[in-house]
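# A closer look at the structure
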Amino acid sequence: MLENGMTFEGTGFGDEHDVLCEVVFNSAMCGYTELLTDPSYAGQGVVMTYPLIGNYGVCYDDAESTKPWLRAFIVHSISGAASNFRCDVDLNTFLKQNGIPGIQGLDTRAITKILRESGTMRGMIAFGDSFDIPAMKKKLDAFTLKSCVPVVSSRESKVYGDGPVKIALVDYGVKSNIIRSLVKRGCTVKCFPYDASFEDLMSFSPDGVMLSNGPGDPKECVKAISELKKLYSYGIPTFAICLGHQLMALSQGFDTYKLKYGHRGINHPVKDLTTNRVYITSQNHGFVVNGETINPSVADIRFISMNDGSIEGLTYKNGKVFSVQFHPEASPGPLDSGFLFDEFMKLIGGSRI
Ligand SMILES: NC(=O)CC[C@H](N)C(=O)O
């Protein structure tokens, strides 16, 4: 059931239990393992526009975190066969083991058209043979999605890699490939929880700071925003991705707003205004920085979406901070914008490539 009262019937899979969620769509044709384990989907029910999902099973090495975080998986049809030599487990079993419900047999492209028309909606998935529709609607109307950042951010201060460049990473719900991308470039990455203070980060004496992706409305991360204000004034090389990008913008007094239906897919074109080159990027965001609120004496717009002109990246005037709304770490998606990690290394002055 969508919050506008429309209902759709399908067949359950995974761990069948009733859930309330925010319903969003993703247009990727592959990469569902990375998507399922991307912590930024916490609280959301993800509708896949591509009709066949699960045909290559789930390979644990492809996971972007320790488990799937989304609230429900909504597909047209889940493959009965998991055909890949790397496959560890089939998709249905993977979701079952991790407590995530799924529904298949829906016209997910029709649902996507509805979401594009009405905007992102809340939804409820219920399992059974008969349904109390008014009771479901009541539950759905009463539901609000609270920030999942505290849930997905790790409290363990893990360290990855042993390279010479020290990076303090703030984990708002980090995807593993951000960490891998840094380790590969000669970094030692220490992870800090979402509510780490500026002083906590500096106690590691980092050469640079990485601000991760993460779920939900950036404005709910009040503490992070005030800590980033201090970080910006201090002026240490900082690279921010997605939620991190939004939080840095908020810390400088810029505003964010919710897009009608978000950007979720692996073929989103963005233009680099400094070179006029267009990159095909991986994206997963519902919120965006409001271009009209950017103070030109604080930051320049570097990247814009070729689909709707929205802000996709900023370069800050202190010469130390840059940020992107899209995912240079890909996983899933094209590696076109991976060079931004090299730019970060250059900014630090510690490139070991
Ligand atoms: N992938 C992300 O970091 C998403 C950022 C934020 N939760 C949004 O939806 O816009």
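Every value quoted in this text rests on a predicted model; they were computed, and no experiment measured them.

Conventions and cut-offs
- Residues numbered from 1 in each chain as written.
- Predicted model: local features only at pLDDT ≥ 70, side-chain atom pairs only at ≥ 80, totals over all residues.
- Domains from an automatic or database assignment.
- Helix = DSSP H or I, 4+ residues; strand = E, 2+ residues; numbered from the N terminus.
- Nonpolar A, V, L, I, M, F, W, Y, C, P; charged D, E, K, R; others polar.
- Pairing = 2+ DSSP bridges.
- Contact = placed C-beta atoms within 7 Å.
- Axes fitted to C-alpha atoms, helices over the stretch in contact; angles between N-to-C directions.
- Buried ≥ 20, exposed ≤ 12 C-beta atoms within 10 Å, placed from the backbone.
- Arc of directions from axis to C-beta.
- Core = buried A, V, L, I, M, F, W, Y, C linked by C-beta atoms within 7 Å.
- Near = placed C-beta within 6 Å.

Another aspect to go through is the domain arrangement of the protein chain. Frequently, the measure chosen for interface size is the accessible area that the parts lose on association. The domains assigned to the protein chain are domain 1 (11-142) and domain 2 (151-348). Between the C-alpha centres of domain 1 and domain 2 the distance comes to 27 Å. Every element with two or more residues in the side of domain 1 that touches domain 2 is listed here: β2 (19-26), α1 (32-36) and α3 (108-118). Examining the composition of the side of domain 1 that touches domain 2, we find that three residues originate from one element, β2, more than from any other. A class-by-class count of the residues in the side of domain 1 that touches domain 2 yields ten nonpolar, eight polar and four charged.

Moving on to the sheet that holds strand β16 (residues 299-305). Pairing in this open sheet of ten strands is mixed, and the strands run β9-β11-β10-β12-β13-β18-β17-β16-β14-β15 from one edge to the other. A strand with exactly one partner marks an edge of an open sheet, and here the two such strands are β9 (159-160) and β15 (277-289). Against the sheet, helix α6 (residues 176-183) makes contact with β9, β10 (165-171), β11 (187-193), β12 (208-211) and β13 (238-241), and its axis sits at roughly 150° relative to β11, the strand it touches most.

So, about helix α10 (residues 339-348). Buried within α10 are the following residues: L340, F341, F344, M345 and I348. Down the axis of α10, the buried side of the element spans an arc of 155°, and every buried residue falls inside it. Check the buried side of α10 and you find it contacts β10, α6, β12, β13 and β18 (321-324). In the segment just after α10, G349 is the residue with positive phi, at about 85°.

So, about the nonpolar core. Grouped burial of nonpolar side chains is what soluble globular proteins tend to show. Among the nonpolar cores identified, the biggest contains 90 residues, and V46, L70, F73 and L169 are the most heavily contacted of them. When we break this core down by domain, the ones giving at least three residues each are domain 1 (11-142) and domain 2 (151-348). When near neighbours in sequence (up to four residues on either side) are disregarded, L70 contacts L36, Y41, A42, Q44, G45, V46 and I100.

Read from one edge to the other, the open sheet built from six strands follows the order β1-β7-β5-β3-β2-β8, with strand pairing classed as mixed. Each of the sheet's edge strands pairs with one partner strand only, and the pair in question is β1 (11-14) and β8 (121-125). Each strand axis lies, on average, 35° off the axis of its neighbour in the sheet, ignoring direction. In this sheet, strand β7 (residues 101-104) lies alongside β1 in antiparallel orientation, the contact comprising four bridges. Residue T11 lies in a different strand from β7, and its bridge partner there is Q104. Where α3 meets the sheet, it contacts β2, β3 (44-48), β5 (72-74) and β8, and its direction lies at approximately 120° from that of β3. Of the strands in this sheet, β2 and β8 are in contact with helix α4 (residues 133-142), which crosses β8 at around 135°.

Another aspect to go through is the environment of V189. Counting through the fold element by element, V189 comes out in strand β11. Taking the number of C-beta atoms within 10 Å as the measure of exposure, V189 has 24 and is therefore buried. The sequence separation of V189 and G119 amounts to 70 residues, and the corresponding C-alpha distance is 38 Å.

Near the ligand you find S40, N213, G214, P215, G216, C242, L243, N284, H285, G286 and F287, and these make up its full shell. Looking at the shell around the ligand residue by residue, the classes come out as four nonpolar, seven polar and no charged.

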